Amino acid sequence: ATGQWERAEPLAQKVREGCARLLGLGHPETLRTMRTHAELQVALGKVDDARVTFLAILQASERLRAEEGANHPETLTACQDIADAHCRLGQYAAAEPFCR
C-alpha cells in the first residue's frame, strides 16, 4: 500500500502547483489540493513536511480570514491539521497555540 502513496504524492504535488498557478493560493480548491498533498505526506511518514504544508495552507488562507474572520472553516481546519502534525512529531507545546 505504501507504494501507492509514493506514486500518488508527485501527482498530488503537480495538481497542487497547477491549482495554485491557475486559481491562486487563496482559492478554496487550491487549499483542498494542498491539504490532500499534506495528508499524503502524513501517510508516508513525512510529518514534518506535512506540517510545513499545513502552515502554508494557513498562510494562504489569510485573505479568507481577513474577509470572513478567524472562524472560517479553512482556517479552523488548517489550525487543527498543524496541531495534529506537531503532536505526531511529539511537539506538544508547539501544537497548543493552534488548539485555541
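Residues numbered from 1 in each chain as written. Predicted model: local features only at pLDDT ≥ 70, side-chain atom pairs only at ≥ 80, totals over all residues. Heavy atoms only, no water.

> I would appreciate a short explanation of the overall build of the protein chain in the present structure.
Summing up its helical and strand segments, the protein chain has six helices and zero strands in all. The order of α-helices and β-strands along the protein chain, N terminus first, is α-α-α-α-α-α. Put simply, of all contacts in the protein chain between residues at least 6 apart along the chain, 51% involve residues at least 24 apart. For the protein chain, the accessible surface area stands at approximately 5900 Å², while carbon and sulfur atoms represent 54% of it. (Helix = DSSP H or I, 4+ residues; strand = E, 2+ residues; numbered from the N terminus. Contact = heavy atoms within 4.5 Å. Areas by Shrake-Rupley, 256 points an atom, 1.4 Å probe, with all protein chains shown as cover.)

> How should the pattern of salt bridges be read in this particular structure?
Side-chain pairs of opposite charge can arise whenever the charged atoms involved come near each other. The tally for this structure, following the rule as stated, stands at five salt bridges. Among the salt bridges present, the one from D48 reaches R51, with a minimum N-O distance of 3.0 Å. Of this pair, D48 and R51 both sit in helix α3 (residues 47-60), three residues apart, roughly one helical turn. Under the relative-accessibility criterion, R51 is labelled buried at 16%. Residue D84 is joined to R88 by a salt bridge in which the shortest nitrogen-to-oxygen separation is 2.9 Å. With D84 and R88 both in helix α5 (residues 73-88) and four residues apart, the pair spans about one turn of that helix. Classification of D84 as partly exposed rests on a relative accessible area of 35%. The exposure class of R88 is exposed, given its relative accessible area of 52%. (Salt bridge = Lys/Arg side-chain N within 4 Å of Asp/Glu carboxyl O. Buried < 20%, exposed > 50% of the residue type's maximum accessible area, 1.4 Å probe, protein only.)

> Honestly, the packing of helix α2 (residues 28-43) against α5 in this entry has me stumped. Any pointers?
The geometry of a pair of packed helices is captured by two quantities: the angle between their axes and the separation between those axes. In contact at an axis separation of 12 Å, α2 and α5 are set at 15 degrees when each is read in the N-to-C sense. It follows from the interaxial angle that α2 and α5 lie roughly parallel. When the axes of α2 and α5 are compared, the crossing they make is left-handed. Contact residues: P28, L31, R32, R35 and V42 in α2; E74, T77, A78, D81 and R88 in α5. In terms of residue class, the contact of α2 with α5 is made up of four nonpolar, one polar and five charged. (Axes fitted to C-alpha atoms, helices over the stretch in contact; angles between N-to-C directions. Parallel < 35°, antiparallel > 145°, perpendicular 65-115°, else oblique. Left-handed = near helix turned anticlockwise from the far one by under 90°. Nonpolar A, V, L, I, M, F, W, Y, C, P; charged D, E, K, R; others polar.)

> Could you clarify how one ought to interpret the packing of α2 against α3 in this entry?
Taken N-terminus to C-terminus, the directions of α2 and α3 make an angle of 165 degrees; their axes are 8 Å apart at the nearest point. Of the possible angle classes, the one that applies to α2 and α3 is roughly antiparallel. The way α2 lies across α3 gives a crossing that is left-handed. The segment α2 lies against α3, with L31, M34, R35, A38, E39, Q41 and V42 engaging V47, D49, A50, T53, F54, A56, I57 and A60. Per-class residue counts for the contact of α2 with α3 are ten nonpolar, two polar and three charged.

These results come straight from atomic positions and should not be treated as a statement about function.
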